[in-house]
Amino acid sequence: MRHGCGTLVPMTDPATHPAQPATIIRPDGPWTHRDVAANGARFHIAEAGEGPLVLLLHGFPQFWWSWRHQLTALADAGYRAVAMDLRGVGGSDRTPRGYDPANLALDVTGVIRSLGEPDAALVGHDLGGYLAWTAAVMRPKLVRRLAVSSMPHPRRWRSAMLRDMRQTRAGSYIWGFQRPWVPERQLVADGAALTGRLIREWSGPRLPDDEAVDTYRQAISIPSTAHCSIEPYRWMVRSMARPDGAQFNRRMKLPVRVPTLHLHGALDPVMRTRSAAGSGEYVEAPYRWRLFEGLGHFPHEEDPELFSHELISWLKDPEPDR
């Protein structure tokens, strides 16, 4: 992989040995790994199964591996399931620029084309959800269906962060990301202890096991990953007062015109239910809202069986507005 987004030094494994990118990012499993070229960069993907394409987009502070449960469930259900590492993360290229949502969304749609598919059902969590919303607006012909977890529509996100003091406080980490270099150094300090703490604190009562947390700590400690992971959030905030941010916000007025499933954990401490719930006003197509009681910010990992069942049932439903 090429490194271009920063110059951080790799940290050691929090428990045993120095992190080895290949073994962390490309673990063996019921999937295959490869790289695909799209939008001027190279992206690592993990894929399993055959059938209609379902493309999975991870959030912060994670990488493709967060979808390990859904990859196998979707493959078993008759889909071609592909989880990609976003630009700057995991096994994908770390470019010096290109971390605005419009370009990141073009990464996503470019991967769909590179996979030789006419379209895909996009499934995004957290930042991946933000990009999935964006891709569905920018390249509607390439998005067959849209499923978003733990993230409002971008216009709804912007409004909530600026006007809802409770959401402003809940998303305080995003405001903290605006400082130069300090946040990424904090994320990887002491074997990426802060990254592990965030994943646990943002989860509901079903906490991730130590192995999963250690995997994410090692992955974000790969050089430049922390910096590249934060760059999209810097754009999202700093662009609010700039012409490019205003242009993006206007562009996102265009409605989503594909069936949409919106999933949210009722106990999510960083993205309030109230902030996410109003996103249906931006969808001019069948829209289904599903609130998971007892789950936090990572419902696809906290209760993977429930999440996968809800997703697959909706994908197979010919009348998803019911």
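- Named according to an unreviewed UniProt entry, the protein chain is Hydrolase originating from Streptomyces gougerotii.

1. Thoughts on the environment of G128
Moving on, step 1. For G128, the location among the structural elements is in helix 4 (residues 127-138).
Moving on, step 2. In the structure, G128 is positioned 69 residues away from G59 in sequence and 5.0 Å away in space, judged by C-alpha atoms.

2. Some thoughts on the side chain of S66
Moving on, step 1. Along the chain, the position of S66 falls in the loop between strand 3 (53-57) and helix 2 (68-76).
Moving on, step 2. Other than its neighbours up to four places away in sequence, S66 contacts H58, Y216, H300 and E301.

3. Some details on the UniProt feature "domain: AB hydrolase-1" (unreviewed entry) in the protein chain
Moving on, step 1. Mapped onto this structure's residue numbering, the UniProt feature "domain: AB hydrolase-1" (unreviewed entry) falls at residues 54-307.
Moving on, step 2. This span, residues 54-307, is 49% helix and 13% strand, and a straight line between its end C-alpha atoms measures 15 Å.

4. Comments concerning the packing of helix 3 (residues 101-114) against helix 4
Moving on, step 1. Interhelical geometry of helix 3 versus helix 4 gives an angle of 80 degrees and a closest axis separation of 9 Å. Between helix 3 and helix 4, the angle is such that the two are roughly perpendicular. On helix 4, the residues touching P101, A102, L104, A105, L106 and T109 of helix 3 are Y130, L131, T134, A135 and M138.
Moving on, step 2. For the contact of helix 3 with helix 4, the residue count by class is 9 nonpolar, 2 polar and no charged.

5. Topic: the environment of N249
Moving on, step 1. Position of N249 among the secondary structure elements: in helix 11 (residues 243-251).
Moving on, step 2. Here N249 is in contact with R155 and R158, once residues within four sequence places are set aside.

6. Here we look at the side chain of Q167
Moving on, step 1. Among the structural elements, Q167 can be located in helix 6 (residues 165-170).
Moving on, step 2. Of the residues examined, Q167 reaches a relative accessible area of 0% and is grouped as buried.
Moving on, step 3. Ignoring sequence-local partners within four residues, the contact set of Q167 consists of A160, M161, V270, M271, R272 and S275.

7. As for the confidence of the model for the protein chain
Moving on, step 1. Predicted confidence across the protein chain gives a mean pLDDT of 93, with 93% of residues reaching 70 or more.
Moving on, step 2. Within the protein chain, no element has a lower average pLDDT than helix 1 (residues 21-25), which sits at 89, and none a higher one than strand 3, at 99.
Moving on, step 3. When the criterion is pLDDT under 50, residues 6-19 qualifies, and its contacts beyond four places in sequence or with other chains add up to 33 contacts.

8. Brief notes about the sheet that holds strand 6 (residues 143-149)
Moving on, step 1. Across the sheet, which stays open at both edges, the 8 strands sit in the order 1-2-4-3-5-6-7-8 with mixed pairing between neighbours. With one partner strand each, in any of the chains shown, strand 1 (32-38) and strand 8 (287-292) form the two edges of the open sheet. Sheet twist, expressed as the mean angle between neighbouring strand axes with direction ignored, is 25 degrees.
Moving on, step 2. Here strand 7 (residues 260-265) pairs with strand 8 via 6 bridges, running parallel. When the bridges of strand 8 are listed, L263 appears paired with R290.
Moving on, step 3. Strand contacts of helix 2: strand 2 (41-48), strand 3 and strand 4 (80-84), with the helix running at about 160 degrees to strand 4, the strand carrying the most contacts.
Moving on, step 4. The strands that helix 3 touches are strand 1, strand 2, strand 3, strand 4 and strand 5 (120-125); relative to strand 1, the one it contacts most, it runs at about 110 degrees.

9. A short note on helix 3
Moving on, step 1. With 14 residues, helix 3 extends 20 Å from end C-alpha to end C-alpha; this agrees with the ideal 20 Å at 1.5 Å per step.
Moving on, step 2. Along helix 3, the positions that sit buried rather than exposed are P101, A102, N103, L104, A105, D107, V108, T109, G110, V111 and I112.
Moving on, step 3. In the stretch just after helix 3, G116 is the one whose phi turns positive, near 75 degrees.

10. Here we look at unusual backbone geometry
Moving on, step 1. Here F60 and P61 are connected by a cis peptide whose omega angle stands at 0 degrees.
Moving on, step 2. By the element assignment, P61 lies in the loop between strand 3 and helix 2.
Moving on, step 3. With phi around 55 degrees, D126 is a residue other than glycine that occupies positive phi space.
Moving on, step 4. Tracing the backbone through its elements, the reader meets D126 in the loop between strand 5 and helix 4.
Moving on, step 5. Positive phi outside glycine occurs at S224, with the angle close to 80 degrees.
Moving on, step 6. Secondary-structure assignment places S224 in the loop between helix 9 (210-220) and helix 10 (225-238).

11. Regarding the pairing of strand 4
Consecutive side chains along a regular strand alternate between the two faces of the sheet.
Moving on, step 1. Counting buried positions over the 5 residues of strand 4 gives 5, a clear majority of the element.
Moving on, step 2. Alternating residues of strand 4 divide into R80, V82 and M84 and A81 and A83, and every residue in both groups is buried.
Moving on, step 3. Bridge count for strand 2 against strand 4 is 4 bridges, and the pairing is antiparallel. Across the sheet, residue I45 finds its bridge partner in strand 4, namely M84.
Moving on, step 4. Inspection of the sheet shows strand 3 paired to strand 4 by 5 bridges, in the parallel sense. Directly across from L57, in strand 4, lies its bridge partner M84.

The rules we used
Residues numbered from 1 in each chain as written. Predicted model: local features only at pLDDT ≥ 70, side-chain atom pairs only at ≥ 80, totals over all residues. Heavy atoms only, no water. Helix = DSSP H or I, 4+ residues; strand = E, 2+ residues; numbered from the N terminus. Contact = heavy atoms within 4.5 Å. UniProt positions renumbered as here; feature names shortened; annotations may be inferred. Axes fitted to C-alpha atoms, helices over the stretch in contact; angles between N-to-C directions. Parallel < 35°, antiparallel > 145°, perpendicular 65-115°, else oblique. Nonpolar A, V, L, I, M, F, W, Y, C, P; charged D, E, K, R; others polar. Buried < 20%, exposed > 50% of the residue type's maximum accessible area, 1.4 Å probe, protein only. pLDDT = per-residue confidence, 0-100. Pairing = 2+ DSSP bridges. Expected span 1.5 Å × (residues − 1).

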